[in-house]
Amino acid sequence: MEHLKKTDIEIFTGINSEIARQQNVIELIASENIVSRAVLEAMGTPLTNKYSEGMPFKRYYGGNDYIDYCEDLAVKRAKELFGAEHVNVQPHAGSQANMEAYFALLELKDKILGMALDHGGHLTHGSHVNFSGKFYTFSSYGVDKETEMIDLDNVREIAQKEQPRLILAGASAYPRSINFKAFKGIADDVGALFMVDMAHIAGLIAAKLHPDPVPYADVVTTTTHKTLRGPRGAMILCKEAHAKAIDKAVFPGMQGGPLDHVIAAKAVAFKEALEPSFAIYQKQVISNAQALAETLMDEGFRLVSGGTDNHLILVDLTNKNITGKEAEIALDVAGICCNKNMIPYDTRSPFNPSGIRLGTPAITTRGFREEDAKQVGEWISKVISDPSNETLKKQINRDVQELCSAHRIYAGLTPQ
Ligand SMILES: Cc1ncc(COP(=O)(O)O)c(C=O)c1O
């Protein structure tokens, strides 16, 4: 970063400090990951200079031969990875991919049935503060009060009553597998389209460690930066019948020029995901989540749904007499980064909810194994049992840094 250092010392310092933070912190935010140096390099290239509105080989600007080459490779690799009939790799973000999917499939104000935000859904699945809740007519399903898992009979009941035009599956904070085949059956029974937002679990699906929505859904959206471990961005997969509508919804419907440097980095990430080592990584993500879950349960924590099938855990802190916000702050001081989260049927507010969400994609990328996940669980338990003990948090922060330096990331990236 020698040019940046000369030109803009303030931003250089900010970036350098963030790299150091990432190197020294245990990152448990379930939606984050650590991209490879190859993905980083592709993003930091002059591809950012290019305008390339339109699709590969059908652009509105000249000079796109190499951009076409890169985007075409990204599309081919994504199709191979997920067995999709059609893929658009241009969406800038997961939220935009969802906007574009709704825009392609529906009329404004059409009815959609999605998962409630406070039961694990996403803002773009119908929250009233989001475009989705303002532009479309949402109803929602949640999890069963006892099992804290999706109750498909209940989904069917709501679908029959509401007669939605589209049924949406997928979540941001749901620790269990989703039965996409059963969702498709319900959608067919009520004559609805079926869409899946697989943002959180795309990496697990690519590795065939989670039921696959692609054969069943009309449209599948995903971010590329969570378990899939690519650059920040998104893509849309769909059946050939929806291909034209999806491409038109992305451009000119919702976006202008694609982020060509990011699309090149997506292609790199998809190549990595096609390697056998990616499936081994995803298996470890799940094993680490299960090791962390078991440790926390042994320490007396109550986990929503009693465990996890995927990369994330939702912890109900009610019996620990601490709120999600207090836990997030205390763990942060100890060098453990996570986010406060609503739990199903939460009686508290989203700003200070009863739970925290923990995920293992990032720690697994940096090489943590089950014994490390167990150690992390023990540290979490200690901090949460005594959150105002500053000496304890400082000691754990030192231990965290030691464990992180045994699993270094981006070695040599922070200039002296
Ligand atoms: C299920 C789901 N969909 C969509 C998104 C939105 O992605 P982005 O933050 O890239 O807009 C998220 C982000 O957390 C998500 O969890």
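Residues numbered from 1 in each chain as written. Predicted model: local features only at pLDDT ≥ 70, side-chain atom pairs only at ≥ 80, totals over all residues. Heavy atoms only, no water.

Trainee: I tried to follow the nonpolar core on my own but got confused; where do I start?
Mentor: Side chains of a nonpolar character, in soluble globular proteins, are inclined to be buried together. In terms of nonpolar packing, the biggest core is built from 49 residues, with F82 and L228 touching the most fellow members. Judged by nonpolar contacts, the second largest core, of 32 residues, contains L303, W379, I380 and I396. (Core = buried A, V, L, I, M, F, W, Y, C linked by side-chain atoms within 4.5 Å. Buried < 20%, exposed > 50% of the residue type's maximum accessible area, 1.4 Å probe, protein only.)

Trainee: Whenever I open this one, helix α7 (residues 152-162) confuses me. Can you help?
Mentor: Given 3.6 residues to a turn, an α-helix orients residues that are three or four positions apart in the same direction. Among all positions of α7, only V155, I158 and A159 are buried. End-on, the buried residues of α7 take up no more than an arc of 100 degrees, which puts them together on one face. In α7, the exposed positions that point more than 90 degrees away from the buried face belong to D153, E157 and K161. Two residues or fewer past α7, Q163 is found with a positive phi of approximately 50 degrees. (Helix = DSSP H or I, 4+ residues; strand = E, 2+ residues; numbered from the N terminus. Arc of directions from axis to C-beta.)

Trainee: Would you take a moment to explain the sheet that holds strand β4 (residues 86-88) for this structure?
Mentor: Hydrogen bonds between backbone atoms are what pair the strands of a sheet, whose relative direction is either parallel or antiparallel. Strand order across the open sheet formed by seven strands is β4-β10-β9-β8-β7-β5-β6, with mixed pairing between neighbours. Here the strands that pair on one side only, and so sit at the sheet edges, are β4 and β6 (137-141). Taken over all neighbouring pairs, the strand axes of this sheet differ in orientation by 20 degrees on average, direction set aside. Across the sheet, α7 touches β5 (111-115), β6 and β7 (166-169), and the angle it forms with β6 is around 155 degrees. (Pairing = 2+ DSSP bridges. Axes fitted to C-alpha atoms, helices over the stretch in contact; angles between N-to-C directions. Contact = heavy atoms within 4.5 Å.)

Trainee: Just checking my understanding: could you explain unusual backbone geometry for this structure?
Mentor: One can expect most non-glycine residues to show negative phi and most peptide bonds to be in trans. Looking along the chain, the bond that leaves F251 and enters P252 is cis, with omega of 10 degrees. Mapped onto the secondary structure, P252 falls in helix α10 (residues 243-254). In the Ramachandran plot, K208 falls in the positive-phi region, its phi being about 60 degrees despite a non-glycine side chain. Examined against the element boundaries, K208 turns out to sit in the loop between α9 (202-206) and β9 (219-223). The class for K208 is exposed, based on a relative accessible area of 69%. Positioned with a positive phi, R229 is a non-glycine residue whose angle comes to about 65 degrees. Within the secondary structure layout, R229 lies in the loop between β9 and β10 (234-238). For R229, a relative accessible area of 17% translates into the label buried.

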